[in-house]
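# Summary of the model geometry
This is what each chain is made of:
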Amino acid sequence: MRPTATTLAASALALLLVLGAPPAAGTEGPPEPIVLQAGKILEVGGKSLSVGHTASVEMADWNNDGRMDLLIGTFSGGKVLLFLNTGGGADPSFDEGTTLMAGDVAIKTGFG
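## Some remarks on the sheet that holds strand β6 (residues 98-99)
Taken in spatial order, the four strands of this open sheet run β3-β4-β5-β6, and their pairing is antiparallel. Single-partner strands in this sheet number two, and they are β3 (56-60) and β6. Across five bridges, β3 lies against strand β4 (residues 69-73) in antiparallel orientation. Residue pairing for β4: Met59 is matched across the bridge by Leu70.

## Looking at unusual backbone geometry
One non-glycine residue with positive phi stands out, namely Asn64, at about 60°. Along the chain, the position of Asn64 falls in the loop between β3 and β4. Taking the relative accessible area as the measure of exposure, Asn64 reaches 28% and is therefore partly exposed.

## Considering the side chain of Asp69
Structurally, Asp69 is set in strand β4. No salt bridge is formed by the buried Asp69; the nearest opposite charge belongs to Arg67, separated by 6.0 Å. Here the side chain of Asp69 touches Trp62 through a polar contact of 2.9 Å, landing on its backbone nitrogen. A polar contact of 2.7 Å, which involves the side chain of Asp69, links it to the backbone nitrogen of Asn85. Leave out the neighbours within four places in its chain, and Asp69 touches Glu58, Met59, Ala60, Asp61, Trp62, Asn63, Leu82, Phe83, Leu84, Asn85 and Phe94.

## Side note on the pattern of salt bridges
As enumerated under the stated definition, the model contains one salt bridge in all. Ionic pairing is found between Arg67 and Asp65, a salt bridge with its closest N-O pair at 3.1 Å. Of the residues examined, Arg67 reaches a relative accessible area of 29% and is grouped as partly exposed.

## A look at the environment of Gln37
By the secondary structure assignment, Gln37 is in the loop between α1 (5-19) and β1 (43-44). Judged by its relative accessible area of 42%, Gln37 is partly exposed.

## Thoughts on the pairing of strand β5 (residues 80-83)
Of the two faces of β5, the one carrying Val80 and Leu82 and the one carrying Leu81 and Phe83 are both buried. The pairing of β4 with β5 spans four bridges and is antiparallel. What sits directly across from Gly73, in β5, is Val80. Taken together, β4 and the strand that follows it, β5, pair antiparallel across an intervening segment of six residues, in which Gly77 is found at a positive phi of about 95°.

## Thoughts on the side chain of Asn85
Structurally, the position occupied by Asn85 is in the loop between β5 and β6. Looking at Asn85, the relative accessible area reads 2%, which means it is buried. Here Ser93 takes part through its backbone nitrogen, which lies 3.4 Å from a polar atom of the side chain of Asn85.

## Some words on the confidence of the model for the chain
Here the chain averages 74 in pLDDT, and 66% of its residues register 70 or above. The secondary-structure element of the chain with the lowest mean pLDDT is α1, recorded at 45, while β5 shows the highest, at 93. Confidence drops under a pLDDT of 50 for residues 1-22, and excluding neighbours within four residues, the segment shows 23 contacts in the predicted structure.

Calculation rules
Residues numbered from 1 in each chain as written. Predicted model: local features only at pLDDT ≥ 70, side-chain atom pairs only at ≥ 80, totals over all residues. Heavy atoms only, no water. Pairing = 2+ DSSP bridges. Helix = DSSP H or I, 4+ residues; strand = E, 2+ residues; numbered from the N terminus. Buried < 20%, exposed > 50% of the residue type's maximum accessible area, 1.4 Å probe, protein only. Lys, Arg positive; Asp, Glu negative; His and termini not counted. Salt bridge = Lys/Arg side-chain N within 4 Å of Asp/Glu carboxyl O. Polar contact = N/O pair within 3.5 Å; in protein donor to acceptor, adjacent residues only side chain to side chain. Contact = heavy atoms within 4.5 Å. pLDDT = per-residue confidence, 0-100.

In structure tokens, the structure reads:
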């Protein structure tokens, strides 16, 4: 069976999450780690983060800006969502998020 563009994009995503991206130009070392605080709700686009039930969460410096971004694979709908960190490690703030695409096809988790 030949791999599809979606399969290849998902494989590249998995490899990036495992290996990580090189440090951003002008930064030294790895991205600043996210500090999660008990009882503090993560917000995206000024609203509390809600992705339904049974989601898989990964963090990676997706856009190589020195800040850890949020990648979420959802069970409901089977989408992979990317939320770019616009804050910092001690006070993360995420944009409204986008569905990751391979060309014009949404990358799927295999669920949903």
